[in-house]
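Chain by chain, the residues:
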Amino acid sequence: PRSRLADYVDILVNLNGYTLTARNGIFVHQPAPIQVMHQGYAATMGADYVQYMVADAASAPLSYVDHFTEKLVLMPHQLLPANHRHLHGTMSPLHRPLPPRSKYKLPADGFVFCSFNTPYKLDPVIFGTWLAILRRVPGSVLWVQASGEVRPLLLAQAAAAGVQTSRVMFLPWLEDDEHLLAKGLCQLFLDTPNYNAHVTGNDVLWAGVPLLTVPAEKMGGRIASSLVATLSQSLADELVVRSYREYEDRAVALARNQTRWGVLRKGLLESVQTSPLFDMQLYVRELERAWYAIWELHAAGAPPQHIHLVPSNA
């Protein structure tokens, strides 16, 4: 019953949104005085029974508040938590040598582009852009993740675009730790602008792979730019671009200029060690501040309102 749950729960957090196994029916009854959407669904719920959405200034700028029925709680850094230092502390190029390319049938030479986003995030425009990049960078390959039924479709598109199908390669299923080292063999991760890399983005950045992205208008298409900007603004200046044309040109430029790419990767590996992006203890403290800010407004009798948390010194 609502009254019984409300005696124990002040803030109820929805981690699923409109996704498989979601239990939104619980939230419809407003069993807690404050209900919040957080991280599992990168869009508004469009429901009056969810008062707040946790986001950040890159993924959901306050200029986009009309896209949400919820009030926004903007985290000081990034929206998504990343516990890689604790879970995968030694699984990075800084701590272990990368496996040989031959282990995954990658070519000994040539630039390795990759995108390990789920195939439903692909669309003809972005895949066509990737194929255009391959045509402009001789000897390069594209390493992607795709199930059996999707692979023939991608290979057919490559052939139709004049790209040898052997240059589109597929990542095998790997255990949790191994996949981080394997992904470190990539040289540039090509993001999917309409719906970005989220957890996958954290994985490749931890593996030392620069991530190239174009922020879209929707929240789900802006998460990757948040991750890169949290790592370093100088990285964002190189890797967060404004158009598909700039995306293609930047990918080609980095592949053709190994010195420029090397400087970028060195800066990325340095930032991984010091950035708030992988500081889970800091993330927990900042999220606790968000909960307190939400509750203090409610306890004071104030209606929900946008909250923009600034970085703390703690």
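Each remark here, short or long, concerns the structure printed above.
Note that the structure is predicted; figures quoted are calculated from it, not measured.

Colleague: Would you mind showing me how to read the overall build of the protein chain here?
Modeller: Secondary structure assignment for the protein chain yields 12 helices and 10 strands. In terms of overall dimensions, the protein chain is globule-like: its C-alpha atoms have a radius of gyration of 21 Å, near the 20 Å expected for 314 residues. Once the C-alpha set of the protein chain is aligned to its principal axes, its extents read approximately 65 × 40 × 35 Å. Within the protein chain, buried positions represent 51% of all 314 residues. Within the protein chain, one finds 26 positive and 26 negative side-chain charges whose respective centroids are separated by 7 Å.

Colleague: Looking at this structure, I do not really get the side chain of S275. What am I missing?
Modeller: Mapped onto the fold, S275 is located in the loop between α11 (258-274) and α12 (280-299). Reaching out from S275, the side chain makes a polar contact with the backbone oxygen of T230 at a distance of 2.9 Å. Here L277 takes part through its backbone nitrogen, which lies 3.0 Å from a polar atom of the side chain of S275. With near-sequence residues (within four places) excluded, S275 lies in contact with R85, T230 and L231.

Colleague: Whenever I open this one, the pairing of strand β6 (residues 141-144) confuses me. Can you help?
Modeller: Note on strand geometry: in a regular strand, side chains alternate between the two faces of the sheet. Residues V141 and W143 point to one face of β6 and L142 and V144 to the other, with burial holding for every one of them. Pairing of strand β5 (residues 112-115) with β6, which is carried by four bridges, proceeds in the parallel orientation. Counterpart to C114 in the pairing with β6 is W143. What joins β5 to β6 is helix α4 (residues 124-136), and the crossover it makes is right-handed. When β6 meets strand β7 (residues 168-170), the two strands line up parallel, connected through three bridges.

Calculation criteria
Residues numbered from 1 in each chain as written. Predicted model: local features only at pLDDT ≥ 70, side-chain atom pairs only at ≥ 80, totals over all residues. Heavy atoms only, no water. Helix = DSSP H or I, 4+ residues; strand = E, 2+ residues; numbered from the N terminus. Rg over C-alpha atoms; globule rule 2.2 N^0.38 Å. Buried < 20%, exposed > 50% of the residue type's maximum accessible area, 1.4 Å probe, protein only. Lys, Arg positive; Asp, Glu negative; His and termini not counted. Charge placed at Lys NZ, Arg CZ, Asp CG, Glu CD. Polar contact = N/O pair within 3.5 Å; in protein donor to acceptor, adjacent residues only side chain to side chain. Contact = heavy atoms within 4.5 Å. Pairing = 2+ DSSP bridges. Right-handed = clockwise from strand over helix to strand, strands pointing away.

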